[in-house]
Amino acid sequence: MTMPPVQNGLFELDFPQSLGVYDKYADAQKAVDFLSDHEFPVQNVLIVGTDLKQVERVTGRLTWGKVISAGAASGAWLGLLIGAVLSIFSEGSSAIVTILGGIALGIAFGVISGALGYGATRGQRDFSSVQRVVATKYEVLVEHKFLADGTALLATMPGSAAANPFA
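Residues numbered from 1 in each chain as written. Predicted model: local features only at pLDDT ≥ 70, side-chain atom pairs only at ≥ 80, totals over all residues. Heavy atoms only, no water.

As annotated in an unreviewed UniProt entry, the protein chain carries the name General stress protein 17M-like domain-containing protein and is attributed to Aeromicrobium fastidiosum.

It is worth spelling out the packing of aromatic side chains at this point. In total, this model carries three aromatic pairs according to the counting rule given. Ring geometry for Tyr-25 versus Tyr-138: centroids 5.6 Å apart, planes at 70°, classification edge-to-face. Of this pair, Tyr-25 sits in helix H1 (residues 25–37) while Tyr-138 sits in strand S3 (residues 127–143), placing them 113 residues apart in sequence. Judged by relative accessible area, Tyr-138 falls into the buried class, the value being 17%. Relative to Tyr-118, the ring of Trp-64 has its centre 4.8 Å away and its plane inclined at 85°; by these criteria the two rings are edge-to-face. A residue pair is termed long-range when its members are at least 10 positions apart, and Trp-64 in helix H2 (residues 64–87) and Tyr-118 in helix H3 (residues 94–121) qualify at 54 residues. Judged by relative accessible area, which is 45%, Trp-64 ranks as partly exposed. (Phe/Tyr/Trp six-rings, centres within 6.5 Å; stacked < 30°, edge-to-face > 60°. Helix = DSSP H or I, 4+ residues; strand = E, 2+ residues; numbered from the N terminus. Buried < 20%, exposed > 50% of the residue type's maximum accessible area, 1.4 Å probe, protein only.)

With antiparallel pairing, the three strands of this open sheet are ordered in space as S1-S3-S2. Two strands lie at the open edges of the sheet, namely strand S1 (16–22) and strand S2 (45–61), each paired on one side alone. Averaged over all pairs of adjacent strands, the angle between strand axes in this sheet comes to 30°, irrespective of strand direction. Inspection of the sheet shows S1 paired to S3 by six bridges, in the antiparallel sense. Its bridge partner lying in S3, Pro-16 is registered against Glu-143. The strands that H1 touches are S1, S2 and S3; relative to S2, the one it contacts most, it runs at about 150°. (Pairing = 2+ DSSP bridges. Axes fitted to C-alpha atoms, helices over the stretch in contact; angles between N-to-C directions. Contact = heavy atoms within 4.5 Å.)

Pasting the structure below:
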């Protein structure tokens, strides 16, 4: 596997070779930890997540009420922040008025922007979700000059289901 160039070279190896492919990150980490415990030069090792997939977890149904209340809440926080910053420059009791005005304007902005965004979807996405990109395989790569030593050392690892470098 060849790695794309990175400016500082931190994620580059000279002629990287595969020591093994693991289904779980914890297994790849365990293999590298075993190498480290046995004085292997682990600074010449990379763990690379491969076979990426996007996972989206649906967290709930969206309604106009939820969208407007979420917009109002986030707008209130933004307004509070802006009002607090501006109140530093206010004199006397006008600081409270500045903060309350910021909150009110923030709520209005949040409600409007939330409603416009939700309305633009026209019912095509009536749910909320979170997304994450995850790897399905983890490959342990090593510089070519350390491949034989790393392979031999991993073969002695207790409980190791000899990782398949060709998976």
